[in-house]
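Chains, contacts and geometry: an overview
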Amino acid sequence: MSEIIATLKKDYIYNLMVKEKRQDGRGFKDFRDIKLETNVISKAEGSAKVTLGNTQVLVGVKLQTGTPFPDSQDEGVIITNLELNPIASPEFEPGPPREEAIEMSRVVDRGIRESGAIDIKKLCITVGESVWIVFIDVHILNDDGNIIDASCLAAIAALMTTMVPNEQQGLGENVPLAMKEMPVGVTVAKIGSKLMLDPSLDEEAVCETKLTIVSSSDGSVAGMQKMGSAPLAEEELFEAIDMAIEKAEEIRALYLEGLAKSE
Amino acid sequence: MNDKSDKLITDDGLRLDGRRADEIRPMKIEIGVLSRADGSCYLEWGRNKILVGVFGPREAHPRRSQRADSAVIRYKYNMASFSVEDRARPGPSRRSIEISKVSREAFEPVIMAELFPKTAIDIFVEVLQADAGTRTAAINASSIALADAGIPMKGLITACAFGKVDGQVVLDLNKEEDNYGEADFPVAMTQDGEITLVQMDGHLTPEEIKKGMELVKKGCKEILAIQQAALRKRFETPVEEVSEEKVIEKEAKKEELSAPKTAIIVEEEHEEAREIGAEISEESAEASIIASEVIPDFEEDLEEELEEELEEELEEELGEELEEEFEEELEEELEEEFEEELEKELEEELEKEFEEELEEEFEEELEKEFEEELEEELEEELEEELEEDLEEELEEDLEEELEEDLEEELEEDLEEELEEDLEEELEKDLEEELEEDLEEELEEEEAELEETLSLEKENIEPEAEAEPEVEEEEISTETAEAEEEGEEEKSEGPWKVVKDPSEAGTRGEKDE
């Protein structure tokens, strides 16, 4: 069904693209309205809900103690999981995660892990024996396009508001999770020859390829993933990186830096 | 993190395995290593050992996975449990699922899947030994295996990674560099340099990415050369044999190419020619109906008249002696007259008819259409082919027409002539000299006449129509053949007519 709609809308979106316009009147570098709420789930150590247009994503962070990996005895463990819940879209079905879900969860995970957002050394309770395991569970509640950027933002926001439950384990006072970086994922969609940010559901259906770029506050890139079957020219890659870094800084300043100060 | 090795790059710019920053590890490719797979490749890249088998296009299962408009490309990246330091858990992991997805997408732009709807093209990758860069190694191997399987592709896919080690951008990371480096940036690209796979983790500035992309392009170029060399080695036939065969093939192809084009044009003309033929055949059909009606009556009349006249007059007046003279005279006269008249008449008639009908129809239509529309080269070809087609049609049509026309006109002329000549001469000569007994002898004479005349006409007629043939140059030899055939059959017309007086005799003889 959605594929049929996408086919019918393809010309429309293409024609708009040629006129430098988008379906909802945005510019190519505009995001839809972002609304960020934190601490929405009190049972979770950290939580955040992001609405991006009509896309809704809820991230809950839970911390448990566990044993470290043998090759990183003094480091905490990050486990990210993203599920495309059937509640979010008629396209999603119950069952084991599809490769899209696995890919997205790994991209979210990569952004947080590779940017060094969490100071994992500080999650070590006893070297080689006990560390905190950070479970980042991304729940997609409503899919109206660009789940991945919403998930990245919700995940980092949830982590920034996470309290390590030391009291629960008899380890002293609860402390905020030690954060070092604020990675922001920005997805660039390629439709025809144009690059645009924050693709809507229709635009995602029409676009041949997407490039998600997770960048850090120093303007460097922490993670990147090309999704979709169309090729990308080298210049387009560089252009996308520049667009994403610029937009990430904007989002970081608007939504995340406030969270960091409030801690 | 870097505590396990002090430096990954020495001060003189060499890496742990002795490579410089822009060098790739040595690569070895073997093609067709699996007999059951449609295409296969074994690739060693540094310490990576990758085996790829390609199956398909084959029926896609489950059926709901089929696509009505193209083949489904399936890429399964699997790591052997013994391929890494710590035993990997067998079966698909989240990592292998992700790599499978992006690798599949790396091939989708080049595989011409639309040629094989409802099928599946399976690419199975087994990482037998892993040493960093397995996904790029697997893509390079898969590209070769796909080519080995004969899957139509727009080009080869080449993959290579760059990374950052000790703050320096380097090409094609090995295991140590991957583990303790700061970034990994695998890229796959087409032969045209279009990027079909991009992943990245670590820490890179946009400037470092640009620098790294330059290295990747260089690396991919080198890998492409290795891939192409491997494919050539496997599939290229010796040059000497190829050159001769190719020349012949090319010539053959040229001929093949040029022939159908003219054939197509000619076919159109054929249709027109057939239409003309159809018109002719209709006309001839009408004429034949008329002729068939006319001839029997005429024969009967002639027979009756001649017989009556001859019998009556001859009975009374002809004598035995005159019989001989009569015979001679009749023969001579008839011969001469028939020859002359038939020649003239046939010439005239055929000329007229051919000129009128054929010239009108063919000259107008053929000349206008063919000469105007067709170029000189095509004319020859068309003529040849038209001749063939016309042969059939014209032969039939001409035969019919000629028969009819000749029948009609010969009948008329012969009627008159025979009547006149026979009457006059017979009357004059016979009246004076013939006696009572001529009946019997006349029958014999008539029979003889039949024979002689028939022979004469056979001789005469081809001569008579030699001229029209010459005039109808455009109609060519084959129409001439048609005419000849027509003439042979035309002889039936005069044959019947001339027979008439004697026919009863011959028939009587045979029947008796």
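Residues numbered from 1 in each chain as written. Chains lettered and ligands numbered in written order. Predicted model: local features only at pLDDT ≥ 70, side-chain atom pairs only at ≥ 80, totals over all residues. Heavy atoms only, no water.

Examining the overall build of chain A
Test applied: Secondary structure is summarised from DSSP: a helix means a run of H or I of at least four residues, a strand means a run of E of at least two, and numbering begins at the N terminus for each. Each residue's exposure class comes from its accessible area (1.4 Å probe, protein chains only) as a fraction of the maximum for that residue type: buried when under 20%, exposed when over 50%, partly exposed otherwise. In what follows, residue pairs with any heavy atoms lying within 4.5 Å of each other are defined as contacts. Working definition of accessibility: Shrake-Rupley area with a 1.4 Å probe, residue cover restricted to the visible protein chains.
Scanning chain A from N- to C-terminus turns up 5 helices and 12 strands. When each of the 263 residues of chain A is scored for burial, the buried share is 56%. Taking as baseline every contact in chain A between residues at least 6 positions apart, the subset at least 24 positions apart corresponds to 67%. Accessible area of chain A: about 11,300 Å², with a carbon and sulfur share of 50%.

Examining a negative patch on the surface
To keep it simple, the criterion reads: Exposure above 30% relative accessible area and the lack of any salt bridge qualify a residue for a patch; like charges then connect within 9 Å, and the nonpolar side chains Val, Leu, Ile, Met, Phe, Trp and Tyr within 5 Å. Only one rule defines a salt bridge in this text: a Lys or Arg side-chain nitrogen within 4 Å of an Asp or Glu carboxyl oxygen. Positive charges come from Lys and Arg, negative ones from Asp and Glu, while His and the chain ends are left out of the count. A single reference atom marks each charge: NZ on Lys, CZ on Arg, CG on Asp, CD on Glu.
Taken together, A:E239, A:D242, A:E246, A:E249 and B:E207 make up a surface patch of like negative charges. Looking at the negative patch element by element, the count peaks at 4 residues for helix α5 (residues 234–262) of chain A. Here A:E239 is to be found in helix α5. The exposure class assigned to A:E239 is partly exposed, which follows from its relative accessible area of 42%.

Notes on the sheet that holds strand β9 (residues 184–191) of chain A
Here is the rule: The pairing criterion is simple: DSSP has to find at least two bridges between the two strands. Helix axes are fitted to C-alpha atoms over the stretch in contact, other axes to C-alpha atoms as well, and angles between N-to-C directions run from 0 to 180 degrees.
With antiparallel pairing, the 8 strands of this open sheet are ordered in space as β10(A)-β9(A)-β11(A)-β12(A)-β9(B)-β8(B)-β6(B)-β7(B). Whereas interior strands pair on both sides, the edge strands pair on one side only; in this sheet they are β10 (194–197) of chain A together with β7 (168–171) of chain B. Mean inter-strand twist for the sheet, computed between neighbouring axes without regard to direction, equals 20°. The pairing of strand β6 (residues 158–165) of chain B with strand β8 (residues 183–189) of chain B spans 7 bridges and is classified as antiparallel. In the strand pairing of β8(B), B:C160 is matched with B:V187. Packed onto the sheet, helix α3 (residues 147–160) of chain A meets β9, β11 (209–215) and β12 (221–228) of chain A and runs at close to 170° relative to β9(A). Where helix α4 (residues 206–235) of chain B meets the sheet, it contacts β12 of chain A together with β6, β7, β8 and β9 (195–204) of chain B, and its direction lies at approximately 140° from that of β6(B).

Examining the interface of chain A and chain B
To keep it simple, the criterion reads: The term buried area refers to how much accessible surface (probe radius 1.4 Å) is lost by two components on association, counted for both of them together. Whenever a nitrogen or oxygen atom comes within 3.5 Å of another N or O atom, the pair is scored as a polar contact, on the condition that within protein one atom can donate a hydrogen and the other can accept it, and that pairs from neighbouring residues in sequence are kept only if both atoms are in side chains.
Counting from both sides, the interface comprises 33 residues of chain A and, opposite them, 29 residues of chain B. Interface of chain A and chain B: buried area, both sides summed, is about 2,800 Å²; carbon and sulfur atoms make up 54% of it. Counting the contacts that link chain A with chain B gives 5 salt bridges. We note a salt bridge from B:K101 to A:E103, for which the minimum N-O separation is 2.6 Å. The interface formed by chain A and chain B contains 20 residue pairs in polar contact (both at pLDDT 80 or more). For the side of chain A that touches chain B, the secondary-structure elements that each account for two or more residues are β4 (77–83), α2 (99–115), β12 and α5 of chain A. With 4 bridges joining them, β12(A) and β9(B) adopt antiparallel strand pairing. Looking at β9(B), one finds that A:V221 is bridged to B:L204.

Considering the packing of aromatic side chains
Residue and element names in this part refer to chain B. Threshold: Whether two aromatic rings pair depends on their centres lying within 6.5 Å, for rings of Phe, Tyr and Trp, where Trp uses its six-membered ring; planes under 30 degrees apart make the pair stacked, over 60 edge-to-face, and the rest tilted.
For the structure on display, the rule yields 3 aromatic pairs over all chains. On the basis of an interplanar angle of 25° and a centroid distance of 4.5 Å, the ring pair of F162 and F185 is categorised as stacked. A residue pair is termed long-range when its members are at least 10 positions apart, and F162 in strand β6 and F185 in strand β8 qualify at 23 residues. Comparing F162 with F185, the two get one shared label, buried.

Notes on the pairing of strand β2 (residues 39–45) of chain B
Residues and elements named next belong to chain B. Of all 7 residues making up β2, 7 are buried, and the element is well covered by its neighbours. Taking every second residue as pointing to the same face, both faces of β2 are buried, with G39, C41, L43 and W45 on one and S40, Y42 and E44 on the other. Here 5 bridges tie strand β1 (residues 27–31) to β2, and the two strands are oriented antiparallel to one another. In the sheet register, I31 faces β2, and the bridge partner there is C41. Strand direction decides the pairing type here: β2 and strand β3 (residues 48–59), joined by 7 bridges, are antiparallel. Across the sheet, residue W45 finds its bridge partner in β3, namely N48. Taking the residues that link successive antiparallel strands as the turn, the β2-β3 hairpin has 2 residues, and the phi of G46 there is positive, at about 60°.

Observations regarding the sheet that holds β2(B)
Residue and element names in this part refer to chain B. In space, the 5 strands of this open sheet follow the order β1-β2-β3-β5-β4, with mixed pairing throughout. If you trace the sheet from one side to the other, it starts and ends with β1 and β4 (72–79), each paired once. Direction aside, the axes of adjacent strands within the sheet are offset by 15° on average. For β4 and strand β5 (residues 119–129), the ladder comprises 8 bridges, and the chain directions are parallel. Bridging across to β5, M79 finds its partner in V127.

Re unusual backbone geometry
Residue B:P57 is reached from B:G56 by a cis peptide bond, and omega for that bond is 5°. The amide bond that connects B:H61 to the next residue, B:P62, takes the cis arrangement and shows omega of -5°. Within the element layout of this structure, B:P62 appears in the loop between β3 and β4. The phi torsion at A:N146 lies on the positive side, around 55°, for a residue other than glycine. The topology assignment puts A:N146 in the loop between β6 (130–142) and α3. Take A:N146: its relative accessible area is 0%, and that puts it in the buried class.

Some details on helix α2 (residues 134–148) of chain B
Residue and element names in this part refer to chain B. As a reminder of what qualifies: Multiplying 1.5 Å by the helix residue count minus one yields the expected span of that helix.
If you check α2, its first and last C-alpha atoms are 21 Å apart, about what 15 residues at 1.5 Å a residue would give, namely 21 Å. With 14 of 15 residues buried, α2 lies mostly within the body of the structure. The positive-phi residue at the C-terminal boundary of α2 is G150, with phi of around 75°.

Quick look at the pairing of β5(B)
On a regular strand, one side chain projects to one face of the sheet and the next to the other, so that they alternate. Residues and elements named next belong to chain B. For clarity, the threshold we go by: With the strands pointing away from the viewer, any crossover whose connection runs clockwise from the first strand over the helix to the second is right-handed.
Bridge count for β3 against β5 is 9 bridges, and the pairing is antiparallel. Bridging across to β5, I50 finds its partner in V127. For the segment spanning β4, helix α1 (residues 94–107) and β5, crossover handedness is left-handed.

A word on the environment of A:D143
Residue and element names in this part refer to chain A. As for its position among the elements, D143 is in the loop between β6 and α3. For the pair formed by D143 and T55, sequence separation is 88 residues and the distance between their alpha carbons is 5.1 Å. The residues contacting D143, other than those within four sequence positions of it, are T55, A88, S89, F92 and L201. One polar contact links the side chain of D143 to the main-chain amide nitrogen of G145, over a distance of 3.0 Å.

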